[in-house]
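Listed below are the residues making up each chain.
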Amino acid sequence: MAAPSASAISKLHPQPSADEATLAKLGYKQEFCREFTPLEVPDFRLFHVAGLAFTYVGVVPSIVSVLFYAIPNGGPFAMVWGWAFACPFIMCTGLALAELASAAPTSGGLYYWTYSLASPRCRNFLSWIVGYSNTIEMITGVASVNWALTIQIVAAITIASSGQVYTATNLQLYGIYAALGLSQAVLVSLGTKVLARLQRLFTLVNACLCFIIIIALPIATPPDYRNTANFALGEFTNLAGWPSGFAFILSLMAPLYTIGGYDASVHMSEEASNATVAIPWAIVSSIIVSAFLGLGINISLAFCMGTDVAGVLSSPIGQPMAQILFNSLGQQKALAIWCLIIIAEYMVASNCLLVGSRQTFAFARDGALPFSRYLYRINRYTGTPVNTVWFEIICSLAIGLLSFVSTQAIDAVFTIAVTASYIAYITPITNRFVFQNDFKPGPFYLGKLSFPVSVIAVVWMSFMSFVFFFPATPQTTVQEMNYTVVVLGGFMFLAISWYYFPVYGGVHWYTGPVSNTPAIRDEDSISERKEHDADIYVSAVDV
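Since we're looking at a predicted model, the values are computed, not measured.

### Notes on the overall build of the chain
- Along the chain, the regular secondary structure elements total 22 helices and two strands.
- Burial analysis of the chain (543 residues in total) assigns 56% to the buried set.
- When the accessible surface of the chain is summed, it comes to about 22,300 Å², and 66% of that surface belongs to carbon and sulfur atoms.

Spelled out as structure tokens, the structure:
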């Protein structure tokens, strides 16, 4: 009898794709549908995953969220030159992470890299710390975007109200915040194919907003609010009280938060096709596009904000950007653009939750989180980790209770998200060069530039993490202090305490990433399996 065809054998044992084979080498089986696929290159369209990375940044809504960091710490000068100054350092960080992502594209990302590149003596602990830092980053990322969105919705109500005077109570603010989070949890619980297709819409809305601000705003701004080049590019306005040099450094929070979350696409690695190439290029391309668009937006705002910088900051509308739009466009047009910004911010928050749920799923897969046995589950109907989606939202709702403490307390979620991410970024980048390991670069590799780029990234993030612990003004009170060190320190204290807890602590059972699939077979074993399949096929036919 003739030997069975290759197609007959493949029906018995379908060959894994290149992505599945890469994931298997990292110790994991394929559990998600890879719907975040590269679109047709001849059409010059973006990757789904690159679109996710771009909308995760959400240039316009993110700038809106943190403009209050730049305006009091340098005004238009800090908005423009602070952005230009920070972007090269942001790119160095992105490039360092892109190399790691290309070498090992898994949803666990940062804590997986930390474990694989560290010394056996400390890799369990370092992986634990990075995993929890990354989890905190994701949860506070959702919380910060939803809080910013809450304030933006209140600003829309204020713009629409008579006399632009409206004040929401803390309970009303938290009610809006909770409603946003719950609705996003329902959206993100949908199937992966739906979420992947939504990235096209999200990308389009964000891109349109960028060009509206860059092109339409300067055209529509009345002469009274148009600034000269000397003012827009050279006026340093210090309203915070810090020395001008340090105030400028504090203003860098705006670009660092806006073009943050470089690991967003990393956590979608197991749902992206050609992940070893698509993920690193998604990181790099989103930074480049966001950097140039963000610079254009800040220049446009600097030329259109008028000379009363203090008035823009202390506007009764409650949002500097909203006041700039109101002055330039009038009530109706400003409200229309503002509603579009709210929609874009909602999309950013949804993507933050989407990415965060995948990171949480990966960490639970390795048994490191409380209730991991319940969090590590794929919903049979949607094919998504619905349990981790709701876990993220419940945690973010708990963080939202800081709004009842003070404005400064809830505003700390912005700096917590950045600082926690830097802890998670610094560790694997450092491990790669400090410890002896068998790092094998992927298709995206910087060669001799790897080390200097990584050094710049680590030094930069270490310095800025220290800066972000400072309060907004030199003279501060208990209510007005920077709560970043309190909240982040509290989280990390609990994580470390649980690791070293007697008998039940992670030190007794956590061993880093846990493989859930047999190691990928080499070519010889695959050939042997084909011969075995042929025997089975012949026997079956004979019978």
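### A word on unusual backbone geometry
- Even without being a glycine, Phe371 presents a positive backbone phi close to 60 degrees.
- Take Phe371: it is sitting in the loop between helix 16 (331-365) and helix 17 (372-375).
- The exposure class assigned to Phe371 is exposed, which follows from its relative accessible area of 60%.
- Positive phi, normally seen in glycine, also occurs at Val503, with a value near 70 degrees.
- Looking at where Val503 falls in the secondary structure, it is placed in the loop between helix 21 (484-499) and helix 22 (523-542).
- On the basis of relative accessible area, Val503 is assigned to the exposed category, the value being 60%.

### A few points about the layout of surface pockets
- Of the voids in this model, the largest pocket is the one considered here, and its volume is about 1,200 Å³.
- Looking at the lining of the largest pocket, the elements with two or more residues in it are helix 4 (59-70), helix 7 (123-160), helix 8 (170-188) and helix 19 (407-434).
- For the lining of the largest pocket, the leading source of residues is helix 19, giving seven residues.
- The residue makeup of the lining of the largest pocket, split by class, is 28 nonpolar, 17 polar and two charged.

### Comments concerning the pattern of salt bridges
- For the coordinates displayed, the defined rule picks out two salt bridges.
- For Glu99, the salt bridge goes to Arg432, with nearest N and O atoms at 2.7 Å. Here Glu99, found in helix 5 (residues 75-103), pairs with Arg432, found in helix 19; they are 333 residues apart in sequence, far enough to count as distant.
- Assessed through its relative accessible area of 1%, Glu99 is described here as buried.
- Here Lys440 and Asp438 are joined by a salt bridge, their closest N and O atoms 3.8 Å apart. The burial state of Lys440 is the same as that of Asp438; both residues are exposed.

### Details of helix 6 (residues 110-117)
- With seven of eight residues buried, helix 6 is to be regarded as a mostly interior element.
- Looking at helix 6, one finds that the buried residues are Leu110, Tyr111, Tyr112, Trp113, Thr114, Tyr115 and Leu117.
- On its buried face, helix 6 is in contact with helix 5, helix 7, helix 16 and helix 19.

### Quick word on the nonpolar core
- Of all hydrophobic cores here, the largest spans 149 residues; its most connected members are Leu301, Leu325, Trp338 and Tyr422.
- The greatest single-element share of this core, amounting to 17 residues, is contributed by helix 7.

### Structural notes on a nonpolar patch on the surface
- Where nonpolar side chains cluster on the molecular surface, the patch consists of Leu182, Val186, Trp390 and Ile394 and spans about 360 Å² of accessible area.
- Counting only elements with at least two residues in the nonpolar patch, the list comes to helix 8 and helix 18 (386-399).
- In this fold, Val186 is placed in helix 8.

### Description of the packing of helix 4 against helix 19
- Between helix 4 and helix 19, the least distance of the axes is 12 Å, while the angle of their chain directions is 100 degrees. One finds that helix 4 runs roughly perpendicular with respect to helix 19. For the pair helix 4 and helix 19, the contacting residues are Ser65, Val66, Phe68 and Tyr69 in the first and Asp411, Phe414 and Thr415 in the second.
- Partitioning the contact of helix 4 with helix 19 into residue classes produces four nonpolar, two polar and one charged.

### Comments concerning the packing of aromatic side chains
- As enumerated under the stated definition, the model contains 33 aromatic pairs in all.
- Where Tyr132 meets Trp498, the ring centres are 6.3 Å apart and the plane angle is 85 degrees; that geometry is what we call edge-to-face. With Tyr132 in helix 7 and Trp498 in helix 21, the pair connects residues that are 366 residues apart, well separated along the chain.
- The exposure class assigned to Tyr132 is buried, which follows from its relative accessible area of 11%.
- Chaining the aromatic ring pairs together yields one cluster made of Tyr111, Phe125, Trp128, Tyr132, Phe363, Trp498, Tyr499, Tyr500, Trp509 and Tyr510.

### Focus on helix 13 (residues 275-304)
- Helix length check: helix 13 (30 residues) gives 42 Å between terminal C-alpha atoms against 44 Å at 1.5 Å per residue, within 8%.
- Where burial is concerned, most of helix 13 is hidden: 21 out of the 30 residues are buried.

### Things to note about the confidence of the model for the chain
- Averaged over the chain, the pLDDT score is 82; the fraction of residues at 70 or greater is 82%.
- When pLDDT is averaged over each helix and strand of the chain, the minimum, 33, is found for helix 22 and the maximum, 95, for helix 20 (residues 450-467).
- Here residues 30-47 is modelled with pLDDT under 50, and outside its nearest four sequence neighbours on either side it reaches 54 contacts, counting other chains as well.

### Digging into the state of the cysteines
- Tallying each qualifying case throughout the model produces zero disulfides.
- The thiol of Cys210 is not disulfide-bonded; the next cysteine sulfur, from Cys208, is found 9.2 Å away.

### A word on the packing of helix 6 against helix 7
- Between helix 6 and helix 7, whose axes approach to 8 Å, the crossing angle comes to 165 degrees. Judged by the inter-axis angle, helix 6 sits roughly antiparallel to helix 7. For the crossing formed where helix 6 meets helix 7, the hand is right-handed. Every residue of helix 7 that contacts helix 6 at Leu110, Tyr111, Thr114 and Tyr115 is listed here: Arg123, Asn124, Leu126, Ser127, Val130, Gly131 and Asn134.
- In terms of residue class, the contact of helix 6 with helix 7 is made up of five nonpolar, five polar and one charged.

### Here we look at the environment of Pro222
- Topologically, Pro222 is positioned in the loop between helix 9 (192-220) and helix 10 (229-234).
- When the C-alpha atoms of Pro222 and Gly306 are compared, they prove to be 9.7 Å apart, with 84 residues separating the residues in sequence.
- Non-local contacts of Pro222, meaning those with residues more than four positions away in its chain, are made with Asn327 and Ser328.

Cut-offs used in this document
Residues numbered from 1 in each chain as written. Predicted model: local features only at pLDDT ≥ 70, side-chain atom pairs only at ≥ 80, totals over all residues. Heavy atoms only, no water. Helix = DSSP H or I, 4+ residues; strand = E, 2+ residues; numbered from the N terminus. Buried < 20%, exposed > 50% of the residue type's maximum accessible area, 1.4 Å probe, protein only. Areas by Shrake-Rupley, 256 points an atom, 1.4 Å probe, with all protein chains shown as cover. 1 Å grid on protein atoms, 1.4 Å probe; cavity = no way out; pocket = protein on both sides within 12 Å on 5 of 7 lines; lining within 4 Å. Points joined across faces, edges and corners; volume = space filled by probe spheres on them. Nonpolar A, V, L, I, M, F, W, Y, C, P; charged D, E, K, R; others polar. Salt bridge = Lys/Arg side-chain N within 4 Å of Asp/Glu carboxyl O. Contact = heavy atoms within 4.5 Å. Core = buried A, V, L, I, M, F, W, Y, C linked by side-chain atoms within 4.5 Å. Patch = residues over 30% accessible without salt bridge, like charges linked within 9 Å, V, L, I, M, F, W, Y side chains within 5 Å. Axes fitted to C-alpha atoms, helices over the stretch in contact; angles between N-to-C directions. Parallel < 35°, antiparallel > 145°, perpendicular 65-115°, else oblique. Phe/Tyr/Trp six-rings, centres within 6.5 Å; stacked < 30°, edge-to-face > 60°. Expected span 1.5 Å × (residues − 1). pLDDT = per-residue confidence, 0-100. Disulfide = S-S within 2.5 Å. Left-handed = near helix turned anticlockwise from the far one by under 90°.

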